[in-house]
Amino acid sequence: MVRKVAERVFSVGAIDWDRRLFDELIPLPDGTSYNSYLLMGNDKVVLLDTVDPSKEAELFANLEELGVDRIDYVVAHHAEQDHSGALPAVLRRYPMAKVVTNAKCKEFLMDLLPELEEDQFMVIEDGSRLPLGGLTLQFVFTPWVHWPETMSSYLEEEGILFSCDFFGSHTATTDLFVRDECKVLADAKRYYAEIMMPFRLQIRKNLERLAQYEIKMIAPSHGPVYDRPGLILSAYRQWISDEVEKKAVVAYVSMHGSSSRVVDVVVDRFAEKGISVSRVNLTVADLGELAMELVDAGALVMVGPYVLAGVHPTLMHTAYLVNALRPKVKALGVILSYGWGGLGAKQISGVTGSLRPEVRMELLIKGHPKDRDVAEIKALVDSMVSVLV
Ligand code: FEO
């Protein structure tokens, strides 16, 4: 489906209604899209990114619908294959096209897509401009959104920022532009949580950099186009800030009820102290929702049992994932229920070294929590609350 974004600017990518997992990790409850844009200058025709290789037939059908018989440049904003995977096929169909990208992205592309040849590239610098005849594209390096090579480009005449993964959202929709702002913000927050949150400080610099551009529209490579870009810009400013909400996430596994009883005490104590709680049972949780909750949560408590002489693997997996996501929690608690042994807290702390909470608490409870344990759990929660209020 071809859709017109602006004069001489077309959306020619593909919607993936059925995809349910990204990077073999991230749940996609609403599918996704691989947005590719075509710029038709008076002198040059440019394709901005391609699509996932599974959808290259749709990209070609869209280009045929527009009667595109020549492409001069294919801009590669990002080397990940959901945007670059169809690049070899595009170059086979349009052999005169040059791949325009930065030096690092060129290196990644040549590593990932061995079919590409050195002389098919045109390497550009940060801030350099590409005149197309009546249209001018300026390259803006925005590293770490999502990989270190990822960049954006700015169409000067229309004020459109093509931001690739930056500001994206995984959702399959026929809406070219944002219609349901609440839905899109939720999708974008989930997306930020899943792949952008670890790079919060680098994103802050990128946002500062973008302040010099008059941005009338943001066209990401996943999800709808923002024709009122203030919506997503202000949301990002909030997500990357150091501020947290009076909110705790309690993520847990319980085999026979002891850990579940611990969670009851934790949740009730937070609530008594005026902290809203998100209670996440890891055996049935959507990890994308857990990540979303962590975008602005002030506290995280992980609770679970020992099994097979160590921390329950589901809790370990979550701890490892949380460490990779690097949320800005100010308080981190680990409460483990055990029967024998008792070195599990070290297992958790061993995989959460990237987190920088002001308060880090650990508690071991032998068997089902007794009155003495309940008092200790409440004291642990109180210490965590003290850094949130
Ligand atoms: Fe949409 Fe990092 O790829």
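Keep in mind the model is a prediction, meaning the values are calculated, not measured.

Peer 1: Just to check I follow, could you spell out the packing of helix α8 (residues 258–272) against helix α12 (residues 371–385) for this structure?
Peer 2: In a packed pair of helices, the relevant descriptors are the angle between the two axes and the axis-to-axis distance. Running from amino to carboxyl end, α8 crosses α12 at an angle of 40 degrees, the nearest separation of the two axes being 9 Å. As far as their axial angle goes, α12 and α8 are oblique. When you trace α8 past α12, the crossing you get is right-handed. Residue-level contacts link Val262, Val265, Val266, Arg269 and Phe270 of α8 to Val374, Ile377, Lys378, Val381 and Val385 of α12. Looking at side-chain class alone, the contact of α8 with α12 contains eight nonpolar, no polar and two charged residues.

Peer 1: Looking at this structure, how should I read the pairing of strand β7 (residues 37–40)?
Peer 2: On a regular strand, one side chain projects to one face of the sheet and the next to the other, so that they alternate. Looking at chain direction, strand β2 (residues 9–11) and β7 are connected through three bridges and run antiparallel. Pairing of Phe10 across the sheet is with Leu38, part of β7. One ladder, built from four bridges, connects β7 with strand β8 (residues 45–48); its direction is antiparallel. Note that in β8 the partner of Met40 across the bridge is Val45. What sits between β7 and β8 in their antiparallel hairpin is a turn of four residues.

Peer 1: I'm lost on the domain arrangement of the chain in this one. Help?
Peer 2: Think of interface size as the accessible area that goes away when the parts come together; that is how it is often given. Entries for the chain in the domain assignment read domain 1 (3–240) and domain 2 (245–385). Placing a centre on the C-alpha atoms of domain 1 and another on those of domain 2 gives a separation of 38 Å. Listed as interface residues are eleven residues of domain 1 and, on the opposing side, twelve residues of domain 2. Breaking the side of domain 1 that touches domain 2 down by element, the ones donating at least two residues are β5 (26–27) and α5 (181–196). Here the element with the most residues in the side of domain 1 that touches domain 2 is α5; it accounts for five residues. Of the residues assigned to the side of domain 1 that touches domain 2, the class counts are seven nonpolar, no polar and four charged.

Parameters and conventions
- Residues numbered from 1 in each chain as written.
- Predicted model: local features only at pLDDT ≥ 70, side-chain atom pairs only at ≥ 80, totals over all residues.
- Axes fitted to C-alpha atoms, helices over the stretch in contact; angles between N-to-C directions.
- Helix = DSSP H or I, 4+ residues; strand = E, 2+ residues; numbered from the N terminus.
- Parallel < 35°, antiparallel > 145°, perpendicular 65-115°, else oblique.
- Left-handed = near helix turned anticlockwise from the far one by under 90°.
- Contact = placed C-beta atoms within 7 Å.
- Nonpolar A, V, L, I, M, F, W, Y, C, P; charged D, E, K, R; others polar.
- Pairing = 2+ DSSP bridges.
- Domains from an automatic or database assignment.

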